[in-house]
Amino acid sequence: MPRDQAAAFLRALAGANPAPETELLYRDPFTLLVAVVLSAQATDAAVNRCTPALFAAAPTPAAMAALGAEGIGPHIRRIGLWQGKARNVAALAQQLMEQHGGEVPRDRAALEALPGVGRKTANVVLNVAFGEATMAVDTHIFRLGNRTGLAPGKTPREVEDMLVRRCPPELLRDAHHWLILHGRYVCKARAPECWRCVAATQCNYRDKVPAPPR
DNA sequence: ATCCCGAGGG
DNA sequence: CCCTCTGGAT
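First, a word on scope: everything that follows refers to the structure included in this document. On a predicted model such as this, the values are computed, not experimentally measured, just so you know. Sequence order sets the numbering: in each chain, residues are counted from 1 along the sequence as written. The order in which chains are written sets their letters, starting at A; the order in which ligands are written sets their numbers, starting at 1. Local features in this predicted model are restricted to residues of pLDDT 70 or higher, and side-chain atom pairs are both shown and tallied only at a pLDDT of 80 or more, whereas totals for entire chains, interfaces and linings draw on every residue. The side-chain quantities take in all heavy atoms of the structure and omit both hydrogens and water.

**Topic: the pattern of salt bridges**
1) Next: Salt bridges are counted wherever a side-chain nitrogen of Lys or Arg sits within 4 Å of a carboxyl oxygen of Asp or Glu. Counted by the stated rule, this structure contains nine salt bridges.
2) Next: Across the salt bridge formed by Arg119 and Glu112, the nearest N and O atoms sit 4.0 Å from each other.
3) Next: Relative accessibility decides the category of a residue: with a 1.4 Å probe and only protein chains considered, values under 20% of the type maximum give buried, values over 50% give exposed, and everything between is partly exposed. A residue is classified by how much of its surface remains accessible, and Arg119, at 26% relative accessible area, is partly exposed.
4) Next: With its nearest N and O atoms 2.8 Å apart, the salt bridge here joins Arg119 to Glu160. One end of the pair, Arg119, is in helix H7 (residues 119-129); the other, Glu160, is in helix H9 (residues 156-166), with 41 residues separating them in the sequence.
5) Next: Counted as one network, the salt bridges with shared partners bring together Arg108, Glu112, Arg119 and Glu160. Each helix is a run of H or I in the DSSP string that is no shorter than four residues. Each strand is a run of E no shorter than two, and both are numbered from the N terminus.

**Considering the packing of helix H2 (residues 29-38) against helix H3 (residues 44-57)**
1) Next: In this analysis an axis means a line fitted to C-alpha atoms, helices contributing only their contacting stretch, and an angle means the value between N-to-C directions, from 0 to 180 degrees. Direction vectors running N to C along H2 and H3 enclose 140°, while the axes themselves pass 11 Å from each other. For the element pair H2 / H3, the angle class is oblique. Classified by chirality, the crossing of H3 by H2 is right-handed. Along the contact surface, H2 presents Thr31, Val34, Ala35 and Leu38, while H3 presents Val47, Thr51, Leu54 and Phe55. Any angle from 65 to 115 degrees is called roughly perpendicular, while one under 35 is roughly parallel, one over 145 is roughly antiparallel, and all others are oblique. Note on convention: the crossing is left-handed when the near helix lies turned anticlockwise from the far helix by less than a right angle, right-handed when the turn is clockwise. Residue contacts are counted whenever heavy atoms from the two residues lie within 4.5 Å of one another.

**Focus on the protein's contact with DNA strand C**
1) Next: Taken together, Gln41, Ala42, Arg49, Arg77, Arg78, Ile79, Gly80, Leu81, Trp82 and Gln83 form the complete shell of residues around DNA strand C.
2) Next: Any residue with a heavy atom positioned within 4 Å of a molecule or strand is treated as near that molecule or strand. Sugar plus phosphate: this is where 63% of the atoms of DNA strand C within 4 Å of the protein reside.
3) Next: Between DNA strand C and Arg78, the relevant distance is 3.3 Å, taken from a phosphate oxygen to a side-chain nitrogen or oxygen of the residue.
4) Next: Pairs of N or O atoms are called polar contacts if they sit within 3.5 Å, as long as, within protein, a hydrogen donor faces a hydrogen acceptor (for residues adjacent in sequence, only side-chain-to-side-chain pairs). Leu81 has a polar backbone atom sitting 3.3 Å from a sugar or linking oxygen of DNA strand C.
5) Next: Polar here means any residue outside two lists: the nonpolar Ala, Val, Leu, Ile, Met, Phe, Trp, Tyr, Cys and Pro, and the charged Asp, Glu, Lys and Arg; Gly therefore counts as polar. The residue makeup of the surface near DNA strand C, split by class, is four nonpolar, three polar and three charged.

It is worth stressing that arrangement in space is one thing and function is another; only the former is reported here.
Written out as structure tokens, the structure is:
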């Protein structure tokens, strides 16, 4: 595998990508954090449906903590796992108040110590809200990395490290977002559509999938 | 039936 | 590594 395969792959995606969706709607650290917590095992459309009212009611950690799980619940009842998420978001807001001066910490360990926040969510916040050099590896990016030869047979953490190391600096910010969209709409788990993949020339997986329908 | 831009726990 | 949580869309 050529050393710059990942860079070529990412450049191809960057050159042919639509406007970013979900998390770029929330550049503010707190609303971004909450939105990403809510999106676990939920569609981005479902999350984007309920967040406007939620953030209108509680745009800050202080307001969210005051709202509490009982106040948050009704706003998010249409997305899966809402009960646990309501508790997590309330506790998370309270923890921001008590331990971080009402601010979202720009620190991985502190982020991952928040209820409902794992490595993937922390990476999204660090990248999108704070511009840190991180990559958020979700199921799509994990599959894509293992399938394409970018990081075959690697763990999610190894895929993440590879991407952070090989991604051109100017693409680091939000590159994970293009990868996610690519994994969702093109390099899909089933019936991937290699014939419309802009990075197919950098990928050896296309030989394994059917030709385009006619 | 299966998946969703996961996290927490055993 | 496995399992569970859990509503909605396809």
